[in-house]
Amino acid sequence: MNTAAIAAEPRTAPLQFMPRAGARSATPPALTTLCSTCHLKDLCLPCGISAPTVERLDGLHFGRRRVAAGQPLYRAGDAFQSIYAVRSGTFKSVLGATDGREQVTGFSMAGELMGLDGLAQGRHASTAVALEDAEICAIPYDHLMELAAGNSELQRAVGKLMSREIVREHSLMMLLGSMNAEERLAAFLLNVSQRMKARGWSASEFHLRMSRAEIGSYLGMKLETVSRTFSAFVQQRLLAVDKRHIRILDLDALTRTFEARLQ
Amino acid sequence: MNARVPLTSINELLALTAQSDAVMTDTPDTVLPADLLRKFDVAGPRYTSYPTADRFVEAYGPEDHLRVLRERRTGAAAAALPLSLYVHIPFCESVCYYCACNKIVTRQHGRAAPYLQLLEREASLHTDVIGVGQPVSQLHLGGGTPTFLSDEELSELMSMLKRNFALAPGGEYSVEVDPRTVTRERLAHLAWLGFNRLSFGVQDFDPRVQKAVHRVQPFEQVASLMADARSMGFESLNVDLIYGLPLQTRESFARTLGQVQQLRPDRIALYGYAHLPDRFKPQRRIVPAELPDGSGKLNMLADSIDALREAGYVYVGMDHFALPGDALAVAKRQGRLHRNFQGYSTQPDCDLIGLGVSAISRIGASYAQNAKTMDEYEDSLRQGQLPVVRGLAMDRDDLVRRAVIMALMCQGELLFEAIEEAWLLDFKSYFAPELARLQQMAADGLVRIDESGIQVTPAGWYVVRAIAMVFDRYLQADRQRMRFSRIL
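For every chain, the first residue of its written sequence is number 1, and the numbers climb from 1 along that sequence. Ligands are numbered from 1 and chains lettered from A, in the order in which they are written. Only residues with pLDDT of at least 70 are given local features in this predicted model, and only at 80 or more are side-chain atom pairs given and counted; all residues enter the totals for whole chains, interfaces and linings.

Further remarks concern the sheet that holds strand E13 (residues 245-248) of chain A. Residues and elements named next belong to chain A. The three strands are arranged E11-E13-E12 in an open sheet whose pairing can be described as antiparallel. This sheet does not close on itself; its edge strands, each paired only once, are strand E11 (205-207) and strand E12 (239-242). Pairs of neighbouring strands in the sheet enclose a mean axial angle of 15°, with direction left out of account. Strand pairing requires that DSSP identify at least two bridges connecting the strands. Where helices and strands are cited, they refer to DSSP runs of H or I of at least four residues and of E of at least two residues respectively, numbered from the N terminus. As defined by bridge partners, E12 adjoins E13 across four bridges and the pair is classed as antiparallel. Each residue of the ladder has a partner; that of Ala 240, found in E13, is Arg 247. Here, axes are lines fitted to C-alpha atoms. For helices the fit covers the stretch in contact, and angles between N-to-C directions go from 0 to 180 degrees.

The next subject is the environment of B:Glu122. Residue and element names in this part refer to chain B. Within the fold, Glu 122 resides in helix H4 (residues 112-130). Considered as a pair, Glu 122 and Leu 139 are 17 residues apart in the sequence and their alpha carbons are 16 Å apart. Glu 122 has contacts with Leu 355, Leu 381 and Pro 387, leaving out every residue within four places of it along the chain. Placing C-beta atoms from the backbone, we regard two residues as in contact once those atoms come within 7 Å.

The nonpolar side chains of a soluble globular protein tend to be buried, and buried together. The nonpolar core is taken to be a set of buried Ala, Val, Leu, Ile, Met, Phe, Trp, Tyr and Cys residues joined by way of C-beta atoms within 7 Å. In this scheme every C-beta is placed from the backbone, and a residue whose C-beta has 20 or more other C-beta atoms within 10 Å is buried, one with 12 or fewer is exposed, and one in between is partly exposed. Counting residues in hydrophobic clusters, the biggest one holds 200 residues, and the most contacted among them are A:Tyr84, B:Leu408, B:Ile419 and B:Ile467. For this core, the element with the highest residue contribution is helix H13 (residues 396-411) of chain B, accounting for ten residues. When residues no more than four places from it in sequence are discounted, the contact partners of B:Ile419 are A:Val167, B:Val400, B:Ala403, B:Val404 and B:Phe427.

For the rest of this paragraph, the subject is the domain arrangement of chain B. Residue and element names in this part refer to chain B. By domain assignment, chain B separates into domain 1 (53-355) and domain 2 (396-487). In this structure, domain 1 and domain 2 have C-alpha centres spaced 29 Å apart. Every contact between the two is made by eight residues of domain 1 and, on the other side, eight residues of domain 2. Those elements that provide at least two residues to the side of domain 1 that touches domain 2 are strand E9 (314-317) and strand E11 (338-340). Of the residues assigned to the side of domain 1 that touches domain 2, the class counts are three nonpolar, three polar and two charged. A domain assignment, automatic or from a database, supplies the domain bounds used here. Polar here means any residue other than Ala, Val, Leu, Ile, Met, Phe, Trp, Tyr, Cys and Pro, which are nonpolar, and Asp, Glu, Lys and Arg, which are charged; Gly is therefore polar.

The next point concerns unusual backbone geometry. What is expected of a backbone is that most residues other than glycine have negative phi and most peptide bonds are trans. All names here are of chain B. The linkage connecting Tyr 50 with the following residue, Pro 51, adopts the cis geometry, with an omega of -10°. Cis geometry marks the peptide bond from Gly 143 to Gly 144, where omega comes out at 15°. Here Gly 144 is to be found in the loop between strand E4 (134-143) and helix H5 (151-164). Its identity as a non-glycine residue notwithstanding, Leu 247 has a phi of 70°, on the positive side. The exposure class assigned to Leu 247 is partly exposed, which follows from the 18 C-beta atoms found within 10 Å.

The next subject is the domain arrangement of chain A. Residues and elements named next belong to chain A. By the assigned domains, chain A splits into domain 1 (3-174) and domain 2 (180-259). The partner domain 2 presents 13 residues to the 17 residues of domain 1 that form the contact. Only helix H1 (3-8) and strand E7 (102-108) provide two or more residues apiece to the side of domain 1 that touches domain 2. Among the elements that take part in the side of domain 1 that touches domain 2, E7 stands out by supplying four residues, more than any other. The residue inventory of the side of domain 1 that touches domain 2, partitioned by class, reads ten nonpolar, three polar and four charged.

What follows is the structure, encoded as structure tokens:
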């Protein structure tokens, strides 16, 4: 498994119980983590924000929630109330295609934010499903905006989030549209590798949380093509593959595959 | 307002900007001196696309576009987004002298019917490949003059589109309206057809200016039509204005703006007139001596920005203003603006199909433009071929730069990391020359550059075109060539 990833993970998240401010219902007090002490603060919402402002975020008491593997975090059509920060685990975002097939539109990892797709229409446009047991912080959007209204630093942070999401979603989608199967899969693996690296995990060895079919749906490739392309990469000694466990043997060569037609 | 010099008014408006707009907030003492506006308010592309349409090549033809459409069907996540549709109606009853659009001036309304048949052929050539009934969330009828079509013809056009595509409920359905061609009844018909947004071509209300550009439409006529449109429940009314037209003065344009404020449109597009009589024939009928000079134009722009701000409009970005409650202003505050051929948009960066003479499509990473003449357009369709004459398959560099330019123009914010992650490159080395060129703009307070990214300052928003131009590889290559030829 991804022992490499776990071993390389240098910090552990401090846990504390916080009573929810003005508890409205009989629900048990939510588990919360303060942004200022969270091990993901360099990746997540507080990234680049000064300590005093991060402490203001602490005042929001983002509720923490576990989502079991295969369960949805939100569904398409649900009212948009919060954005979600992934604390652990991986999610896929899917759109229901008109012919009943589901279309994977993205994968989210620890420290990344989800749910911004609900901002435009007030309802989530896609469904987010946990690919493994996961944990999220729910960040009430209205509260965040109230706090941001008086704080330019926080405004900029929220602006950054949107900017990042838009670039991430649309850049990669358009890029994929212009590439062949090998280039698509290489781009995908390099993207995962880079995101792993940003989390302080191994960039060359990781466990994919998504199935071949989900990768295929995301990349616009048939399942057979995904499997065949993985095999081709193994044959070219670019990768070692054991089911979902991936070892990148030749990062430069994989990058060249991706860049071959694009320079 | 007339007594104020632009320097003061711009300072004031920037201070206002800083207080009133969540995303654009900045230190309130940021100023944009008039000389900076002069220096950076340069002629240049409006970046409704990148690369811009003048970079499209003839090597990209119907077969290429057909392949792109075919791939879309099996393609990646982009195909799951609803489509945006643009339909170009090229006919105009009379010519406006400032016009730079592709149009056919005719009084023969009989020409519309055969054109609608051609549009239907073109639509079905698309749906044969991508499938009938693809969802559409945005439709724009532009021209020319879409309201050159009769009510029956507009009905026919809409049912043709509905036979080919699925117009999603809650979408944005807009049409450009020439006030001289419609009545209250005609607007009601547009509403009945499902249009929920109207864009009125106003340009200027001064009768002398209207006469000089050959577009006479009294204020009362526009006012009564807009009141009618409101009573019919159109969600958003837009007014197009042009500064820099013949016989315009600061005083006359201020009066026009005052009248526009009475009408209180949800959106205002304020374009600068570019006099290029060599390229656009109708402009040869404009008397150059009657045109305001450069500083006159600049004053009008500065006055307008000031007046609209005072009237409560949010500056959305290049040329566009909106009331704070309008979807465009909301999207701006939330940082989720996009840009397409119609300017700023609240719709995600979805595939766009353009139908009609000279229309441009973008599917995935490819642009395609239709024939500009009716004869050529018709010939292709009669042969059962897409009327594509030019286009561009974007390469990786085009796509990266497109992402950079759109982020700067729409979010005013660019994160190196986001681009690096999506495009697998090192931003600071890939864009080293551009970052060096941006330093002057940073020194002038138009952008802020730090370790994590580039941010457009409130002052920078007013010259965001010039900031985007820094990242336009084609433009910079042109400059290199010019410098080279001067040296030789």
